[in-house]
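Single-letter residue listing:
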Amino acid sequence: MASGHSMDISVNFDFQELKNAVDQTTREATNRFDLKDAGIELNLTEESLKITAKADIQIESVFGILTKKLSGRNLSTKILDRGKIEEIGGMRVRQEMTLIKVLDKENAKLIAKLVKENFDKAKANIQGDTVRVSSKSINDLQAVQQLLSSDPSVEVPLSFGNYK
C-alpha cells in the first residue's frame, strides 16, 4: 500500500459542451420575444466568446441564458472572464469574454497558500499549470477539494484529477 496520496489541480473543461451551450443560447435568444429584434450575435472562438446586441441589458439577458445553459451542462461560469461592454458603432454594443484554459501563476500560488494555511498534513507543489497536493490521508485531499470548490477567492474553474 502506498505511503501517501496525491491529486492534481488544474483548469480543464470540455470545449464541445461549451460550444453546445452557446448554440442553445443562440437559439433561445433569437426565439425569445424580448430579444427577437435585438440582433443578438454570439461568436465563439478557441480563445474567446463575443456577444453583440443593441443594448447593455440585452447582453445581460443573453448572459443569463448562457449561465443557465452552462450549469445544465456541468460547466462553471468561471471559465468566462467577462470584459467591459463596449460600444462598437451602429448603435450596437459588444462584450468579449476570454476563456480561461490554464491555471495561471497567481491562482496557483493562491491555491498553494490556501492548502498550507488550512491543512497541516497536506503539501502543495506548483508544477507548471497544475498544482499537486499530497498527503498521507485521502480524507485530507477530499477536504482540500471541498475547500477549494467552495472558496470565493478562487476565481478559476478547478478540475481535480490524477488521484494516486
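How each quantity is defined
- Residues numbered from 1 in each chain as written.
- Predicted model: local features only at pLDDT ≥ 70, side-chain atom pairs only at ≥ 80, totals over all residues.
- Heavy atoms only, no water.
- Helix = DSSP H or I, 4+ residues; strand = E, 2+ residues; numbered from the N terminus.
- Rg over C-alpha atoms; globule rule 2.2 N^0.38 Å.
- Buried < 20%, exposed > 50% of the residue type's maximum accessible area, 1.4 Å probe, protein only.
- Areas by Shrake-Rupley, 256 points an atom, 1.4 Å probe, with all protein chains shown as cover.
- Lys, Arg positive; Asp, Glu negative; His and termini not counted.
- Charge placed at Lys NZ, Arg CZ, Asp CG, Glu CD.
- Pairing = 2+ DSSP bridges.
- Axes fitted to C-alpha atoms, helices over the stretch in contact; angles between N-to-C directions.
- Contact = heavy atoms within 4.5 Å.
- Polar contact = N/O pair within 3.5 Å; in protein donor to acceptor, adjacent residues only side chain to side chain.
- Salt bridge = Lys/Arg side-chain N within 4 Å of Asp/Glu carboxyl O.

Undergrad: In this structure, what is going on with the overall build of the chain? I would like to understand it.
TA: Check the secondary structure of the chain and you find four helices and eight strands. What you see in the chain, going N to C, is helices and strands ordered as β-α-β-β-α-β-β-α-β-β-α-β. Its C-alpha atoms give the chain a radius of gyration of 19 Å, more than 25% over the compact-globule value 15 Å for 164 residues. The C-alpha extent of the chain, read off along each of the three principal axes, is 65 × 25 × 25 Å. Looking at the chain as a whole, 37% of its 164 residues qualify as buried. Summed over its atoms, the accessible surface of the chain is roughly 9,800 Å², and 47% of this surface lies on carbon and sulfur atoms. In the chain, which carries 24 positive and 24 negative side-chain charges, the distance between the mean positions of the two groups comes to 4 Å.

Undergrad: Please clarify how the sheet that holds strand E6 (residues 123-127) should be interpreted in this entry.
TA: Either a parallel or an antiparallel arrangement is found when strands of a sheet pair, and the pairing is made through backbone hydrogen bonds. Taking strand neighbours across the sheet as the criterion, the four strands line up as E6-E7-E1-E8 in an open arrangement whose pairing is antiparallel. Edge positions in the sheet fall to E6 and strand E8 (159-161), since each of these pairs with one other strand and no more. For this sheet, the mean angle separating the axes of adjacent strands, direction not counted, is 25°. Pairing analysis gives five bridges linking E6 to strand E7 (residues 130-135), with the strands arranged antiparallel. Bridge pairing in E7 links Asn 125 to Arg 132. Of the strands in this sheet, strand E1 (5-10), E6 and E7 touch helix H3 (residues 105-118), which is tilted by about 170° from E6. Packed onto the sheet, helix H4 (residues 138-150) meets E1, E7 and E8 and runs at close to 20° relative to E1.

Undergrad: Explain the side chain of Thr 25 to me, please; I cannot follow it from the model alone.
TA: On the secondary structure map, Thr 25 appears in helix H1 (residues 15-31). A polar contact is formed between the side chain of Thr 25 and the backbone oxygen of Ala 21, at a distance of 2.8 Å. Setting aside chain neighbours within four positions, we find Thr 25 in contact with Leu 42, Val 62, Ile 65, Leu 66 and Lys 69.

Undergrad: Honestly, the pairing of E7 in this entry has me stumped. Any pointers?
TA: Taken residue by residue, a regular strand's side chains alternate between the two faces of the sheet. By the bridge criterion, five bridges tie E1 to E7 in an arrangement that is antiparallel. Opposite His 5, over in E7, you have Ser 135 as the bridge partner. Here E6 folds back onto E7, and the loop between the two strands holds two residues, one of which, Gly 128, carries a positive phi near 70°.

Undergrad: Whenever I open this one, the sheet that holds strand E4 (residues 80-87) confuses me. Can you help?
TA: With antiparallel pairing, the four strands of this open sheet are ordered in space as E2-E3-E5-E4. The outermost strands of the open sheet, each flanked by one partner alone, are strand E2 (41-44) and E4. Strand-to-strand twist across the sheet, computed as the mean angle between neighbouring axes with direction ignored, equals 15°. Docked against the sheet, H1 engages E2, strand E3 (48-53) and strand E5 (93-99), running at close to 170° with respect to E2. Taken strand by strand, helix H2 (residues 56-72) contacts E2, E3, E4 and E5, and its axis lies near 165° from that of E4.

Undergrad: Honestly, the side chain of Asp 8 in this entry has me stumped. Any pointers?
TA: Summarising the element assignment, Asp 8 is placed in strand E1. A residue is classified by how much of its surface remains accessible, and Asp 8, at 12% relative accessible area, is buried. Within polar-contact distance, the side chain of Asp 8 engages the side chain of Arg 132 at 2.7 Å. Look past the residues within four positions of Asp 8 in its chain and what remains in contact with it is Val 131, Arg 132, Ser 159, Phe 160, Gly 161 and Asn 162.

Undergrad: What should I look at first to understand the pattern of salt bridges in this one?
TA: A pair can form between side chains of opposite charge whenever their charged atoms are brought close. If you walk through the whole model with that rule in mind, you get eight salt bridges. Between Asp 8 and Arg 132 there is a salt bridge, with the nearest N and O atoms lying 2.7 Å from each other. Linking Asp 8 in strand E1 with Arg 132 in strand E7, this pair joins segments that are 124 residues apart in sequence. Where Glu 47 meets Lys 101, a salt bridge forms, and the shortest distance between an N and an O atom there is 4.0 Å. In this pair, Glu 47 is assigned in the loop between E2 and E3 and Lys 101 in the loop between E5 and H3, connecting sequence segments 54 residues apart. We classify Lys 101 as partly exposed; its relative accessible area is 32%. Linked by salt bridges that have partners in common, Glu 46, Glu 47 and Lys 101 make up one network.

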